[in-house]
There are 4 protein chains.
Amino acid sequence: MHELIERARPVRLVIFDVDGVLTDGRLSYSSHPDAPEKEQSKVFHSRDGLGMKLLMQAGLEIGIITARSSLAVARRMADLGVPHVHQGQQDKLATYQNMIEHLALSHEQVAYMGDDIIDLPVLRRVGFAATVADASEFMQSHCHFVSKHHSGQGAARELCEFILNAQGRWDETLAYFLR
Amino acid sequence: MHELIERARPVRLVIFDVDGVLTDGRLSYSSHPDAPEKEQSKVFHSRDGLGMKLLMQAGLEIGIITARSSLAVARRMADLGVPHVHQGQQDKLATYQNMIEHLALSHEQVAYMGDDIIDLPVLRRVGFAATVADASEFMQSHCHFVSKHHSGQGAARELCEFILNAQGRWDETLAYFLR
Amino acid sequence: MHELIERARPVRLVIFDVDGVLTDGRLSYSSHPDAPEKEQSKVFHSRDGLGMKLLMQAGLEIGIITARSSLAVARRMADLGVPHVHQGQQDKLATYQNMIEHLALSHEQVAYMGDDIIDLPVLRRVGFAATVADASEFMQSHCHFVSKHHSGQGAARELCEFILNAQGRWDETLAYFLR
Amino acid sequence: MHELIERARPVRLVIFDVDGVLTDGRLSYSSHPDAPEKEQSKVFHSRDGLGMKLLMQAGLEIGIITARSSLAVARRMADLGVPHVHQGQQDKLATYQNMIEHLALSHEQVAYMGDDIIDLPVLRRVGFAATVADASEFMQSHCHFVSKHHSGQGAARELCEFILNAQGRWDETLAYFLR
């Protein structure tokens, strides 16, 4: 636990995978001829959204890297004001390397939350590797942090609170709401 | 338990948060270009709806306060005949204070059910503070009542029945259906 | 158990409530201006559907009585070929009495599956009163049969198989598929 | 376990049922007058999709046989590049026999995953019969393999990994992602 807190302290950028992390991994396809050919909707969680907003208000950078691409994700990220949105990235490692170069960050300053083996190349490099309660044992064995909540049901929120806590910023966040 | 019943007795107004209380907190975003930019649908529970109707039939006031705003919520509340619908309220405390002033009620006469830290300013003031089974331990520690049911799956119904029971009105409600 | 089998033997008509029995009770409201004002979709289960078909193939009558009304329910029932579809029935008892009069059946020849107190007037009259695993303890105490499966996830199928079994028809049903 | 691995070794074709296997069995019907009369959407899982892709990359054949028919299924299968898509098949056994004849395979070279009794005629013939955690005990007693994951939530992925493991191909798959 102490080591985990040490890993969370230097984090300046938190990156989330989308399907299976910010959502529960379900992909909804429509039978309506006028609907987009690929998935029609994505389901996010209100508590995860508030966690991401609190991270940004505390001055951290937030982004997503996802292999798929949909208008639903673009709309959710616009709602939350997430600045670094990378959809349709088959090579997540290359995208990650561009991101940290652009933001002038080292691996130790990045947390990444992913749920499946295509996330492994990034998870093996970041200082804080996180996954979700419903990821496989194999995935969990490759990560520093495993959420108690399932994907799409508070896993991302848990990571946000853990980092704010480790950086000593959670109490000031709560103070505002306990006014 | 006895103290909780005492708290429920004077309640004349029951206010619900929407996302994470009347729904399970999931926010559905569409990828359809013609769909509204924000969430396209909200999922409520039939048993919660009946509980809210029974509260109103027993003469209590019911309302909602939510930070978000959607046509889905307006439609659900119209279906149920809920009179006090306040959407798009970033400052829930101010909205709450206007409501009780308008209805000439004191804090002791209000029950509020919320699930996240933005509900704390109101929860800390009302006479009967309620939250859901899936809220964080921190939230639960700030509330008098924690439902056994999860959000969007009967948590609101449980609160409605508890209040009707505490006020000695549940038996007459049942009598009608046991005819 | 023996008494329950005796109750299932004379059943010639099986009536299902919809919300909270054939569905899990969730009501989906759309935010799309062009969508119907009330719920836009209903979610049924494939295994429940097959159970209902097998009941009909065995010669039993099937119907639904629901207080709400939607095109989604009409479409599902048409798909399954269910003949007795009664939507928008605020007074379920009156509808039930018309049904058994029309079919010339006695209370003992009817099974009804419901989940909430508005179903009590019918449940208290039929020979075989059934409810779902997620109904309240109060509801379960008023029924002869409580499914192990939750509403919308196999509760109806369980009732169908129980009745076919009690009437000695399940083995011939299986024989076809074990060919 | 050893026998199960022996059964998985010769498998060259893996066939999935759709409803209750690749989905959780829920059938969504719309109330929108302009929507298709039958189900409007199907919900698949991202981790199942990756498992199916990995099977195909390892050189195995993949297909589906389903009694229903929808554009949603056609779209999902096109996304994944699944070549053998058989919808609207009331007689699954005949379709299965055509498939293995066309691909010149024996029963021992086929794995089939199904969840309900209409899958029994095929399940009783293939060399590797698989079902899901939420199938009935009766169904499970007729299958060699029962997934730990529920339908629509990783059951198909589990089968894919089991077969790749049994055939000694999983380590090379992982090696790519552990680069």
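Parameters and conventions
- Residues numbered from 1 in each chain as written.
- Chains lettered and ligands numbered in written order.
- Predicted model: local features only at pLDDT ≥ 70, side-chain atom pairs only at ≥ 80, totals over all residues.
- Heavy atoms only, no water.
- Helix = DSSP H or I, 4+ residues; strand = E, 2+ residues; numbered from the N terminus.
- Expected span 1.5 Å × (residues − 1).
- Buried < 20%, exposed > 50% of the residue type's maximum accessible area, 1.4 Å probe, protein only.
- Axes fitted to C-alpha atoms, helices over the stretch in contact; angles between N-to-C directions.
- Parallel < 35°, antiparallel > 145°, perpendicular 65-115°, else oblique.
- Left-handed = near helix turned anticlockwise from the far one by under 90°.
- Contact = heavy atoms within 4.5 Å.
- Nonpolar A, V, L, I, M, F, W, Y, C, P; charged D, E, K, R; others polar.
- Buried area = accessible area lost by both parts, 1.4 Å probe.
- Salt bridge = Lys/Arg side-chain N within 4 Å of Asp/Glu carboxyl O.
- Polar contact = N/O pair within 3.5 Å; in protein donor to acceptor, adjacent residues only side chain to side chain.
- Pairing = 2+ DSSP bridges.
- Least-squares fit on C-alpha atoms with pLDDT ≥ 70 in both.
- pLDDT = per-residue confidence, 0-100.
- Lys, Arg positive; Asp, Glu negative; His and termini not counted.
- Core = buried A, V, L, I, M, F, W, Y, C linked by side-chain atoms within 4.5 Å.
- Phe/Tyr/Trp six-rings, centres within 6.5 Å; stacked < 30°, edge-to-face > 60°.

A. Examining helix α3 (residues 46-57) of chain B more closely. Residues and elements named next belong to chain B. In a regular helix each residue adds 1.5 Å, so 12 residues correspond to 16 Å; α3 covers 17 Å between its end C-alpha atoms and thus fits that length. Within α3, the full set of buried residues consists of Ser46, Arg47, Asp48, Gly49, Leu50, Gly51, Met52, Leu54 and Leu55. Remark: Gly59 follows α3 within two positions and exhibits a positive phi of approximately 95 degrees.

B. Region of the structure containing the packing of helix α3 (residues 46-57) of chain D against helix α4 (residues 71-80) of chain D. All names here are of chain D. Axis separation between α3 and α4 bottoms out at 10 Å; the angle between their running directions is 50 degrees. Of the possible angle classes, the one that applies to α3 and α4 is oblique. Classified by chirality, the crossing of α4 by α3 is right-handed. Contacts from Ser46, Gly49, Met52, Lys53 and Met56 in α3 reach Arg76, Met77, Asp79 and Leu80 in α4. Of the residues contributing to the contact of α3 with α4, the split by class is 4 nonpolar, 2 polar and 3 charged.

C. Looking closely at the interface of chain A and chain D. Across the boundary between the two partners, chain A contributes 33 residues, which contact 28 residues of chain D. Between chain A and chain D lies a buried interface of about 2500 Å² when both sides are counted; carbon and sulfur atoms form 49% of it. Counting the surface chain A buries against chain D, the share from its top three residues, Arg26(A), Tyr29(A) and Ser31(A), is 27%. Summed over the shared surface of chain A and chain D, the number is 4 salt bridges. Residue Asp115(A) is joined to Arg47(D) by a salt bridge in which the shortest nitrogen-to-oxygen separation is 2.6 Å. The interface formed by chain A and chain D contains 14 residue pairs in polar contact (both at pLDDT 80 or more). Looking at the side of chain A that touches chain D, the element that brings in the most residues is strand β2 (residues 26-30) of chain A, giving 5 residues. Its residues assigned to classes, the side of chain A that touches chain D shows 12 nonpolar, 8 polar and 13 charged.

D. Representation of the sheet that holds strand β5 (residues 84-86) of chain B. Residue and element names in this part refer to chain B. Spatial strand order, β5-β4-β1-β6-β7-β8: 6 strands in an open sheet with parallel pairing. Only two strands of the sheet have a single neighbouring strand rather than two, namely β5 and β8 (145-146). Across 4 bridges, strand β1 (residues 13-16) lies against strand β4 (residues 61-65) in parallel orientation. Residue pairing in the sheet places Val14 in a bridge with Ile62 of β4.

E. Molecular detail of the relation of the copies chain A and chain D. Note on the identical chains: chain A maps onto chain D by a rotation of 90 degrees and an axial translation of 0.0 Å, with an RMSD of 0.0 Å. What the rotation and shift describe, once combined, is the action of a four-fold rotation axis.

F. The relation of the copies chain D and chain C, seen in detail. The two copies are related by a screw operation: chain D maps onto chain C through 90 degrees of rotation and 0.0 Å of translation along the axis, at an RMSD of 0.0 Å. Interface residue correspondence from chain D to chain C reaches only 12%, placing this contact among heterologous pairings that use different surfaces.

G. Main features of the arrangement of the chains. Across all C-alpha pairs, the smallest distance from chain A to chain C is 13 Å, and the two are not in contact. One finds no contact linking chain B with chain D; the least C-alpha distance across the pair is 13 Å.

H. Region of interest: the confidence of the model for chain A. This prediction gives chain A a mean pLDDT of 95; 100% of its residues lie at or above 70. For this predicted complex, the interface score ipTM comes out at 0.93, while the overall pTM is 0.95.

I. Examining the interface of chain D and chain C more closely. Between chain D and chain C, the contact holds 33 residues from the first and 28 residues from the second. Summing the contributions of chain D and of chain C, the shared interface buries around 2600 Å²; its carbon and sulfur component is 49%. Summed over the three residues of chain D that lose the most area to chain C, namely Arg26(D), Tyr29(D) and Ser31(D), the buried surface amounts to 27% of that side. On inspection of chain D and its partner chain C, the count reaches 4 salt bridges. Applying the counting rule to chain D against chain C returns 15 residue pairs in polar contact (both at pLDDT 80 or more). Those elements that provide at least two residues to the side of chain D that touches chain C are α2 (18-22), β2 (26-30) and α6 (120-123) of chain D. Broken down by element, the side of chain D that touches chain C gets its largest block of residues, 5 residues, from β2(D). Across the side of chain D that touches chain C, the residue classes break down as 12 nonpolar, 8 polar and 13 charged. Summarising the sheet, strand β3 (residues 39-45) of chain C and β2(D) pair through 5 bridges and their orientation is antiparallel.

J. Looking closely at the environment of Phe138(B). Here Phe138(B) shows up in helix α7 (residues 137-141). When the C-alpha atoms of Phe138(B) and Asp116(B) are compared, they prove to be 9.4 Å apart, with 22 residues separating the residues in sequence. Among all residues touching Phe138(B), those that are not within four sequence positions of it are Leu174(A), Leu178(A), Ile117(B) and Leu120(B).

K. Spotlight on the side chain of Asp48(A). Residues and elements named next belong to chain A. Within the element layout of this structure, Asp48 appears in helix α3 (residues 46-57). Buried charge without a salt bridge: Asp48, with Arg157 as the nearest opposite-charge side chain at an N-O distance of 6.7 Å. In contact with Asp48, not counting residues within four places along its chain, are Leu22, Gly152, Gln153, Gly154, Ala155, Ala156 and Arg157.

L. Spatial organisation of the pattern of salt bridges. By the definition in use, this model includes 44 salt bridges over all chains. Here Glu6(C) ties to Arg9(C) by a salt bridge, and the two come within 2.7 Å at their closest N and O atoms. Between Glu3(D) and Arg7(D) there is a salt bridge, with the nearest N and O atoms lying 2.7 Å from each other. Of the two residues, Glu3(D) and Arg7(D) are both situated in helix α1 (residues 2-8); the distance of 4 residues between them amounts to about one turn of the helix. Bridged by salt links that share partners, the residues Asp24(A), Arg26(A), Asp24(B), Arg26(B), Asp24(C), Arg26(C), Asp24(D) and Arg26(D) form one connected network.

M. Layout of the nonpolar core. Residues Phe16(A), Phe16(B), Phe16(C) and Phe16(D) are the most contacted members of the largest nonpolar core, which totals 237 residues. Residues within four places of Phe16(C) in sequence aside, it is in contact with Val21(C), Leu22(C), Met52(C), Ile62(C), Gly63(C), Ile64(C), Ile65(C), Met113(C), Ala156(C), Leu159(C) and Cys160(C).

N. How the structure looks around the sheet that holds strand β6 (residues 110-113) of chain D. All names here are of chain D. The strand order across the open sheet built from 6 strands is β5-β4-β1-β6-β7-β8, with neighbouring strands paired in parallel fashion. Where the open sheet ends on each side, the last strands, each with one partner, are β5 (84-86) and β8 (145-146). Across the sheet, helix α5 (residues 92-102) lies against β1 (13-16), β4 (61-65), β5 and β6, angled at about 160 degrees from β4, the strand it touches most.

O. Expanded view of the packing of helix α3 (residues 46-57) of chain C against helix α8 (residues 155-166) of chain C. Residues and elements named next belong to chain C. Here α3 crosses α8 at 30 degrees, and the two axes come no closer than 7 Å. Judged by the inter-axis angle, α3 sits roughly parallel to α8. Between α3 and α8 lies a crossing of left-handed hand. Between α3 and α8, the residues in contact are Arg47, Asp48, Leu50, Gly51, Met52, Leu54 and Leu55 and Ala155, Ala156, Arg157, Cys160, Ile163 and Leu164, respectively. When grouped by side-chain class, the residues that make up the contact of α3 with α8 number 9 nonpolar, 1 polar and 3 charged.

P. Representation of the environment of Cys160(D) in the model. Residues and elements named next belong to chain D. Mapped onto the fold, Cys160 is located in helix α8 (residues 155-166). Spatially, the C-alpha atoms of Cys160 and Asp48 are 8.4 Å apart, while their sequence positions differ by 112 residues. Every residue in contact with Cys160, bar those within four places of it in the chain, is listed here: Phe16, Gly51, Met52 and Leu55.

Q. Local environment of the packing of aromatic side chains. Counted under the stated rule, the structure contains 20 aromatic pairs over all chains. Taken together, a centroid distance of 5.8 Å and an interplanar angle of 85 degrees make the contact between Tyr29(A) and Phe44(D) edge-to-face. A residue pair is termed interchain when its members come from two chains, as with Tyr29(A) in strand β2 and Phe44(D) in strand β3 (residues 39-45). Looking at Tyr29(A), the relative accessible area reads 0%, which means it is buried. A centroid spacing of 5.0 Å and a plane angle of 80 degrees characterise the contact between Tyr176(D) and Phe177(D), whose relative ring orientation is edge-to-face. Ring-pair connections join several aromatic residues into one group, and the members of that group are Phe128(A), Phe145(A) and Phe162(A).

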